[in-house]
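Working through the structure, step by step
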Amino acid sequence: MRILLIILFVLTYYSCKEKSNNKVNFIHDTLSDNFPTLITDRYFPTDTIVSSSNGREVDYHIKKWGSETLFFIKEPILCNYKGNVESIRFTWLRAFENPVVIRISKLNDTSLVRIKELSMKTAENDTPKIILDTIMTLKKELWEKAVSDLEKNNFLNKINRDTTLNKDGASWLLESRLNNSYHYIIRWDTGNAEGKELNTFAKTIIQIANGIVGIKSKR
């Protein structure tokens, strides 16, 4: 009887695990239609790249850097996505460490977190490579907490570009595709993930990733 119970437990565990993996893969497949084919495809709206003023030049280069990072790390474009998957994505562009991307997504009753790290280019013609790609199901309350961080702090009405982008440190981009509405911000940080706005909007996402792979640690 005891052996039978153990066998039933193992079968149930792997059956649930397979169902969970199938749901995660379904979210990935649903987003796959929005994977770009060219590195020149833009991940962010082009509303601020027409001016040659200093601030907007910085804005342009960071969005270009962010787009290239997301392309090489094989992420979908969110700004023109029209499907049913909701997503929040944090892109961390660190000057002297590898870029990191954290995306949480939800479809129906299933949520996932995907954490990726890209190698830094060591020469102009190098092709960066994905050195970390972790995907896991996400608890409902963590998804709701991340969404709440945006909603209660009026994320959708925040200006896209920060005036401090010309400082030394790390730049980061935060995007949301929620309720068929897209918004993004570009901000600057010291590189230690301790800035006020970063902790206001992205603290939960970073905590989720740190609990899984420890993104703050040098690799």
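Predicted, not measured: the structure shown is a model, and the values here were computed from it.

1. Structural notes on the confidence of the model for the protein
In this model, the protein carries a mean pLDDT of 81, and residues with pLDDT of at least 70 account for 75%. In the model of the protein, helix 1 (residues 2-31) stands out as the element of lowest mean pLDDT, 49, in contrast to helix 3 (residues 140-151), which has the highest, 97. For residues 48-53, every residue scores under 50 in pLDDT, and the model assigns this stretch nine contacts once sequence neighbours within four places are set aside.

2. Observations regarding the nonpolar core
Within the largest apolar cluster, 29 residues are counted, with the highest numbers of intra-cluster contacts made by Ile88, Phe90, Ile102 and Leu174. Secondary-structure elements contributing two or more residues to this core are strand 1 (86-93), strand 2 (100-107), strand 3 (110-118), helix 3, strand 5 (170-178), helix 4 (196-201) and helix 5 (203-212). Look past the residues within four positions of Phe90 in its chain and what remains in contact with it is Val100, Val101, Ile102, Trp172, Leu173, Leu174, Leu198, Ala202, Ile205 and Ile206. Core analysis: the second largest hydrophobic core is formed by 14 residues, Leu93, Tyr182, Tyr184 and Ile186 among them.

3. Comments concerning the packing of aromatic side chains
Inspection of every chain in the model, using the stated rule, returns six aromatic pairs. Ring centres 5.6 Å apart and planes at 75° place the aromatic pair Phe71 and Phe72 in the edge-to-face group. Taken together, the aromatic side chains of Phe44, Tyr182 and Tyr184 make up a single cluster linked through ring pairs. Above the face of the Trp92 ring, Arg94 is positioned so that its terminal group lies 4.6 Å from the ring centre.

The rules we used
- Residues numbered from 1 in each chain as written.
- Predicted model: local features only at pLDDT ≥ 70, side-chain atom pairs only at ≥ 80, totals over all residues.
- Heavy atoms only, no water.
- pLDDT = per-residue confidence, 0-100.
- Helix = DSSP H or I, 4+ residues; strand = E, 2+ residues; numbered from the N terminus.
- Contact = heavy atoms within 4.5 Å.
- Core = buried A, V, L, I, M, F, W, Y, C linked by side-chain atoms within 4.5 Å.
- Buried < 20%, exposed > 50% of the residue type's maximum accessible area, 1.4 Å probe, protein only.
- Phe/Tyr/Trp six-rings, centres within 6.5 Å; stacked < 30°, edge-to-face > 60°.
- Lys NZ or Arg CZ within 6 Å of the ring centre and 35° of its normal.

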